[in-house]
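In case you want the letters, here they are:
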Amino acid sequence: MDDAVELADMIAQLRRELSRAMADGEGADLRFKAEKVELELTVGVERSREPGVKVRFWVFDASAAARRSATATQRLTLTLQPVTADAPDRAPLISDDEMLGEI
């Protein structure tokens, strides 16, 4: 599946990008509260007969999914709630700083 990425790898890359956005926003006057991250994905499911590997989810871009007529794909919507390890009950800020009056 050269034109796909595993779901776990895609989520790991998303985590890295959000972390980078938080660091890049450090000290900025305008910040965004990260309350939810919603993703709509085209995924394919591969069942393996190898020992220890049962099912893998592959994420396709829209054009690749259209070309893969032999692979059954599904639309999947994920809603992720970003949290930081040190304050899991508070929505993180993209800059990782609070503005005056924010809770």
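Refer to the structure printed above.
In this text the structure is predicted, and so the values were computed from the model without any measurement.

(A) Inspection of the sheet that holds strand β1 (residues 4–6) at higher detail. Strand order across the open sheet formed by four strands is β1-β3-β2-β4, with antiparallel pairing between neighbours. Of all strands in the sheet, those with a lone pairing partner are β1 and β4 (73–80), marking the two edges. Each adjacent strand pair in this sheet contributes to an overall mean axis angle of 45°, direction not counted. Sheet topology places strand β2 (residues 37–47) next to strand β3 (residues 55–60); six bridges connect them, and they run antiparallel. Opposite G44, over in β3, you have W58 as the bridge partner.

(B) Looking closely at the nonpolar core. In this structure, L7, M10, L14, V37, L39, L41, V43, V59 and L78 together form the largest nonpolar core, which totals nine residues. Where this core is concerned, the elements lending two or more residues are α1 (7–24) and β2. Once residues within four sequence positions are removed from consideration, L78 is found in contact with L7, I11, V37, E38, L39 and L41.

(C) Focus on α1. Here α1 contains 18 residues, and its C-alpha end-to-end distance of 26 Å stays within 8% of the 26 Å for a straight helix at 1.5 Å per residue. Within α1, burial applies to L7, M10, A12, L14 and M22. Turning to α1, the residues buried within the fold contact β1, β2, β3 and β4.

(D) How the structure looks around the side chain of R31. Note on placement: R31 falls in the loop between α1 and β2. For R31, a relative accessible area of 17% gives the class buried.

(E) Region of the structure containing a nonpolar patch on the surface. Taken together, the side chains of V45, V55 and F57 make up a nonpolar region of the molecular surface, amounting to roughly 250 Å² of accessible area. With relative accessibility at 38%, the residue F57 sits in the partly exposed group.

(F) View of the pattern of salt bridges. Under the definition given, this model contains four salt bridges. We note a salt bridge from E40 to R75, for which the minimum N-O separation is 2.6 Å. Of the two residues, E40 sits in strand β2 while R75 sits in strand β4, which places them 35 residues apart along the sequence. The exposure class of E40 is exposed, given its relative accessible area of 53%. For E46, the salt bridge identified is with R56, shortest N-O distance 3.5 Å. Of the two residues, E46 sits in strand β2 while R56 sits in strand β3, which places them ten residues apart along the sequence. It is possible to trace a salt-bridge network through shared partners that takes in E6, E46 and R56.

Criteria and thresholds
All chains use their own residue numbering, which begins from 1 and follows the written sequence. Per-residue local features are limited, in this predicted model, to residues with pLDDT of at least 70; the limit for side-chain atom pairs, both in listing and counting, is 80 or more; totals at the level of whole chains, interfaces and linings are taken over all residues. As a convention, hydrogens and water are excluded, and side-chain values are obtained from all of the structure's heavy atoms. For two strands to be treated as a pair, DSSP must find no fewer than two bridges joining them. Helix numbers and strand numbers start at the N terminus; a helix is a DSSP run of H or I with at least 4 residues, a strand a run of E with at least 2. Only the stretch in contact is used when a helix axis is fitted, and all axes are lines through C-alpha atoms; the angle between N-to-C directions ranges over 0 to 180 degrees. By nonpolar core is meant a set of buried Ala, Val, Leu, Ile, Met, Phe, Trp, Tyr and Cys residues that side-chain atoms within 4.5 Å join together. Type-normalised accessible area, obtained with a 1.4 Å probe on protein chains alone, sets the label of each residue: buried when under 20%, exposed when over 50%, and partly exposed for intermediate values. By definition in these notes, contact holds between two residues if any of their heavy atoms fall within 4.5 Å. Any helix carries an expected span of 1.5 Å times its number of residues minus one. Residues enter patches when their relative accessible area tops 30% and they take part in no salt bridge; the joining distance is 9 Å for like charges and 5 Å for the nonpolar side chains Val, Leu, Ile, Met, Phe, Trp and Tyr. What sets the accessible areas is the Shrake-Rupley method with a 1.4 Å probe; for residues, cover comes only from the shown protein chains. Salt bridges are defined as contacts in which a side-chain nitrogen from Lys or Arg sits within 4 Å of a carboxyl oxygen from Asp or Glu.

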